Amino acid sequence: TPRGGGGGLPCFLWKVVCQDEVGSKAKLLKRVQDLLSGCGPSKGGRRVIGVCVDRTNLTVEQRAPLLELAKETGAVAHSLVFALPVGTCIERVRSRSTHATGVVGEGGVRVLRMLMAKGLERPSSAQGGQGGERDGSQGEGFALVAEARDQEALEKLLGAYSGANTAAAVEARD
């Protein structure tokens, strides 16, 4: 949910909030609200210009409170869909040695298969449509929906959000 503006030095600071790490939906929403409410100048002249919510396979219903928070705080909401091939996802999970929720190895692959079996409720833009396409429907309220279907597209998409300084793109996980 990028938010920022004003003049001054360009900043590429993002805060990442993951429900798996904070423990509950209520804690996730509170943390996102706190971060969005506090966007602006901070110590050392750094500015939080974006809050990235790290979630997997959110439904329209699960996205609604996050979109409402964005609307209430004047933040612009984007949805980045990582729709990589199943085999790529399986190999990444299989090769992990750590993860916030323990989704690693063969046990992690079983969890991944269950998540993928549920299917994906693709997000839609404010104008309707998915992946930035318009279809005439009401839409959820995302200003932009972008989807990466392979590693090259994923790197390009992430690069667009990292700005000039990739190392500073994601400064901290909350």
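Cut-offs and rules
Residues numbered from 1 in each chain as written. Predicted model: local features only at pLDDT ≥ 70, side-chain atom pairs only at ≥ 80, totals over all residues. Heavy atoms only, no water. Helix = DSSP H or I, 4+ residues; strand = E, 2+ residues; numbered from the N terminus. Contact = heavy atoms within 4.5 Å. Buried < 20%, exposed > 50% of the residue type's maximum accessible area, 1.4 Å probe, protein only. Axes fitted to C-alpha atoms, helices over the stretch in contact; angles between N-to-C directions. Left-handed = near helix turned anticlockwise from the far one by under 90°. Nonpolar A, V, L, I, M, F, W, Y, C, P; charged D, E, K, R; others polar. Expected span 1.5 Å × (residues − 1). Arc of directions from axis to C-beta. Polar contact = N/O pair within 3.5 Å; in protein donor to acceptor, adjacent residues only side chain to side chain. Phe/Tyr/Trp six-rings, centres within 6.5 Å; stacked < 30°, edge-to-face > 60°. Patch = residues over 30% accessible without salt bridge, like charges linked within 9 Å, V, L, I, M, F, W, Y side chains within 5 Å. Areas by Shrake-Rupley, 256 points an atom, 1.4 Å probe, with all protein chains shown as cover. Salt bridge = Lys/Arg side-chain N within 4 Å of Asp/Glu carboxyl O.

1. Examining the side chain of glutamate 140
Along the chain, glutamate 140 falls in the loop between helix H5 (105-118) and strand S4 (144-148). The contacts of glutamate 140, once residues within four sequence positions are left out, are Val60, Arg63, Leu67, Arg122, Pro123, Ser124 and Ser125.

2. Notes on unusual backbone geometry
For asparagine 57, which is not glycine, the phi torsion reads 50° and is therefore positive. The residue asparagine 57 is located in the loop between strand S2 (48-54) and helix H3 (60-73) in this model. Classification of asparagine 57 as partly exposed rests on a relative accessible area of 26%.

3. Overview of the packing of helix H4 (residues 86-95) against H5
For the pair H4 and H5, interaxial distance at closest approach is 8 Å and the crossing angle is 145°. As H4 runs across H5, the sense of the crossing is right-handed. Across from Val86, Cys89, Ile90, Val93 and Arg94 in H4, the residues of H5 making contact are Gly105, Glu106, Gly108, Val109, Leu112, Arg113 and Met116. Tallied by class, residues from the contact of H4 with H5 come to seven nonpolar, two polar and three charged.

4. Details of helix H6 (residues 151-162)
Taking 1.5 Å per residue, twelve residues should reach 16 Å; H6 reaches 16 Å between its end C-alpha atoms and fits that length. Residues of H6 that are buried include every one of Leu154, Leu157, Tyr161 and Ser162, and no others. Buried residues along H6 cover an arc of 140° about the axis, so they all sit on one side. In H6, the exposed positions that point more than 90 degrees away from the buried face belong to Glu152, Glu155, Lys156 and Ala160. The N-capping residue of H6, defined by a side-chain oxygen 3.2 Å from the backbone nitrogen of glutamate 152, is aspartate 150.

5. Remarks on the packing of aromatic side chains
Given two aromatic rings, their pairing is described by the distance between the two centres and the angle made by the two planes. Throughout the structure, instances matching the rule amount to one aromatic pair. On the basis of an interplanar angle of 65° and a centroid distance of 5.9 Å, the ring pair of tryptophan 14 and tyrosine 161 is categorised as edge-to-face. Of the two residues, tryptophan 14 sits in strand S1 (residues 13-18) while tyrosine 161 sits in helix H6, which places them 147 residues apart along the sequence. Tryptophan 14 gets classed as buried once you look at its relative accessible area, which sits at 9%.

6. Some thoughts on a nonpolar patch on the surface
A cluster of nonpolar residues, Leu80, Phe82 and Leu158, forms a patch on the protein surface that exposes about 250 Å² of accessible area. Relative to the helices and strands, phenylalanine 82 resides in strand S3 (residues 78-82).

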